[in-house]
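# Coordinates in review
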Amino acid sequence: MDYVRPRTQEFPFWAMFVLFPIISIIVWISKKQDIVNYDYFWVPFCGVMIFFTFLRQKKSSNRLAKILLFFSCLIFLKYFIPWWIYDSITLKASLMDGKWMIYLITAILWLSIVGSPKIIHVYKYCIFFCLIYIAKALYMIGTGTLSRAGVLMEANYDGFMILIVYCFRDAIPNRKTWWDWVMILATLLTFSRTGWISFFLIIAYKAFRKNILYFAALVPIVMVLASWGAELRGESAHNLDRFVYWTQAINYFQNTSVDNVLLGATPGIPLQVEVMPEFAWTVEKFEDMHALNGIFPFMFHSTYLRLAITWGVVLALLYPFALVKIFLKTDFIPLKQLCIITLIQSFSLSALTLQNVSFLLMTTFFMCWQYDKQIRLNSKMSV
């Protein structure tokens, strides 16, 4: 496998799993900073893809044009029209809230115009990333400097990337056994509670399909691992900050207008809600990082909460409903497992707006959808 010169279709996946980790480790070793902001890659990348599409608009399919028109209308209605109505919109907060649409459009354009990557290549890129992650994690454990910082951004995000690719393990031809163990070890070394739960559920689902006794045998193993992980992480394991986000959001919905509950708030305008003492630290942190003043939807680390606050509770419910429906309808196991981990990760992560993670998640979902359609077509033809 050539890790130096990837195919064009695999460039962004090669970048996030091979190039970026090397850059991050070099920066970390130099002790200049713990993480690198890869938005400086993704923002131009998304912009170039959109611009490239306009240049090739005559070659674009009618279906692609309709999809782009649909999302363009949503963006215009939600993010542009308010600028003619309100004077207090903060551009940075509005962009951070809506960048999931940019990732979504870019994923659609990449697969439609450039083409799908070979999943075996993406899998091997992920193995390379896991080896780097394991090496750094073991070093930090050995030196007593274990922290939440992963290789690219944060351990939760790095672990999510690994699990997304791990879902495809049964679709990889001639897969080597040690690849699985490398990905499992890297997942365990993230010490991410959400990641561990996601991993346990996709393994449990597979075990349950084979024999319920396999499922029962997994429970004590997970309990031992959870206890060990909590001990290594120390007090941070008991800091259930994600529940604080949900409590703060419920407080907001209880005290805001019915319009905001049903239709969502205006992006870029601070939410009118009393900040809980437990949530104040989060608000202050983001205010300092982004030179903002006030509480905004992107400060809530949950896909469900962010969608509910910005788009309204009714539309936000369509997100988990769609994932559950896809899970029940599809026969393609990687797609089922993607649905499982996305449902879980969305409770505590903004799965649709994370640099490196979101583009990968969206492209793999679309690829799985295409595979599933092909499986159904072949099934009908064979009848």
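The model shown is predicted, which means the values in this text are computed figures rather than measured ones.

### Notes on the overall build of the protein
Helices and strands together make up the secondary structure of the protein, namely 17 helices and zero strands. Scored against the burial criterion, the 383 residues of the protein give a buried share of 50%. Excluding contacts between residues fewer than 6 apart, the proportion of contacts in the protein whose partners are at least 24 apart in sequence is 76%. Accessible surface, the protein: about 19800 Å² in total, of which carbon and sulfur atoms supply 67%.

### Details of the pattern of salt bridges
What the rule picks out here adds up to three salt bridges. K99 serves as the salt-bridge partner of D39, at 3.7 Å between the closest nitrogen and oxygen. Linking D39 in helix α2 (residues 39-55) with K99 in helix α5 (residues 91-114), this pair joins segments that are 60 residues apart in sequence. Of the charged contacts, one joins R175 and D180 as a salt bridge, the two residues approaching to 2.9 Å between their closest N and O atoms. For R175, a relative accessible area of 29% gives the class partly exposed.

### Some thoughts on the packing of helix α6 (residues 119-142) against helix α8 (residues 177-188)
As a packed pair, α6 and α8 sit with axes 9 Å apart at the nearest point and diverge in direction by 50°. Considering their axes alone, α6 and α8 lie oblique with respect to each other. Classified by chirality, the crossing of α8 by α6 is left-handed. The residues of α8 that touch α6, namely those facing I120, Y123, K124, C126, I127, C130, L131, Y133 and I134, are W178, W179, D180, V182, M183, L185 and A186. Residue composition of the contact of α6 with α8, by class: 14 nonpolar, no polar and two charged.

### Regarding the packing of aromatic side chains
Each aromatic ring pair is specified by the distance between its two centres and by the angle formed by the two planes. One pass over the structure, following the stated rule, counts 34 aromatic pairs. Ring geometry for W28 versus Y139: centroids 5.7 Å apart, planes at 85°, classification edge-to-face. Residue W28 is found in helix α1 (residues 11-29), and its partner Y139 is found in helix α6; the two are separated by 111 residues along the sequence. Overall, Y139 belongs to the partly exposed group, its relative accessible area being 46%. Measuring from centroid to centroid gives 5.8 Å for Y166 and F199, while their planes differ by 55°, and the two rings are tilted. Of this pair, Y166 sits in helix α7 (residues 155-166) while F199 sits in helix α9 (residues 193-210), and the two are 33 residues apart along the sequence. Following the ring pairs from residue to residue traces out a cluster consisting of F11, F13, W14, F20, Y38, F41, W42, F45, Y103, W110 and F359. Sitting over the face of the ring of W311, K78 holds its NZ or CZ atom 5.3 Å from the ring centroid. The ring of F327 carries the charged tip of K336 above its face, separated from the ring centre by 4.5 Å.

### Some words on the environment of T187
Along the chain, the position of T187 falls in helix α8. Accessibility expressed as a relative area gives 3% for T187, which makes it buried. Each C-alpha atom of the pair T187 and I162 lies 7.1 Å from the other, and the pair is 25 residues apart in sequence. In contact with T187, other than residues within four places in its own chain, are I162, L163, G195, W196 and F199.

### Section: the environment of P297
Along the chain, P297 turns up in the loop between α13 (277-290) and α14 (303-311). Accessibility expressed as a relative area gives 6% for P297, which makes it buried. Note: C-alpha distance between P297 and A93 (204 residues apart in sequence) is 8.5 Å. Apart from the residues lying within four places of it in its own chain, the contact partners of P297 are D97, L271, R306, I309 and T310.

### Some points on helix α16 (residues 333-348)
Its 16 residues give α16 an end-to-end C-alpha distance of 24 Å, which sits within 8% of 22 Å, the value for a rise of 1.5 Å per residue. Of all 16 residues making up α16, 13 are buried, and the element is well covered by its neighbours.

### A look at the confidence of the model for the protein
Of the residues in the protein, 85% have a pLDDT of 70 or more, and the chain-wide mean is 83. By mean pLDDT, helix α10 (residues 212-233) is the weakest element of the protein at 54, and α7 is the strongest at 94. Within the model, the stretch residues 235-239 combines pLDDT values under 50 with four contacts to residues more than four positions away or in other chains.

### Details of the side chain of Q248
In this fold, Q248 is placed in helix α11 (residues 241-255). Ignoring any residue separated from it by four or fewer positions in sequence, one finds Q248 in contact with V273, E274, V275, M276, F279, I295 and F300.

### With respect to unusual backbone geometry
Despite not being glycine, N174 has its phi angle at roughly 55°, a positive value. Phi at F191 takes a positive value of approximately 55°, unusual for a residue other than glycine. On the secondary structure map, F191 appears in the loop between α8 and α9. For F191, a relative accessible area of 3% gives the class buried.

### Focus on the environment of S302
The residue S302 is located in the loop between α13 and α14 in this model. On the basis of relative accessible area, S302 is assigned to the buried category, the value being 0%. In this structure, the C-alpha to C-alpha distance between S302 and L352, residues 50 residues apart in sequence, is 9.7 Å. With residues up to four places along the chain from it excluded, the contact list for S302 reads W246, S346, F347, S348, L349 and S350.

Parameters and conventions
- Residues numbered from 1 in each chain as written.
- Predicted model: local features only at pLDDT ≥ 70, side-chain atom pairs only at ≥ 80, totals over all residues.
- Heavy atoms only, no water.
- Helix = DSSP H or I, 4+ residues; strand = E, 2+ residues; numbered from the N terminus.
- Buried < 20%, exposed > 50% of the residue type's maximum accessible area, 1.4 Å probe, protein only.
- Contact = heavy atoms within 4.5 Å.
- Areas by Shrake-Rupley, 256 points an atom, 1.4 Å probe, with all protein chains shown as cover.
- Salt bridge = Lys/Arg side-chain N within 4 Å of Asp/Glu carboxyl O.
- Axes fitted to C-alpha atoms, helices over the stretch in contact; angles between N-to-C directions.
- Parallel < 35°, antiparallel > 145°, perpendicular 65-115°, else oblique.
- Left-handed = near helix turned anticlockwise from the far one by under 90°.
- Nonpolar A, V, L, I, M, F, W, Y, C, P; charged D, E, K, R; others polar.
- Phe/Tyr/Trp six-rings, centres within 6.5 Å; stacked < 30°, edge-to-face > 60°.
- Lys NZ or Arg CZ within 6 Å of the ring centre and 35° of its normal.
- Expected span 1.5 Å × (residues − 1).
- pLDDT = per-residue confidence, 0-100.

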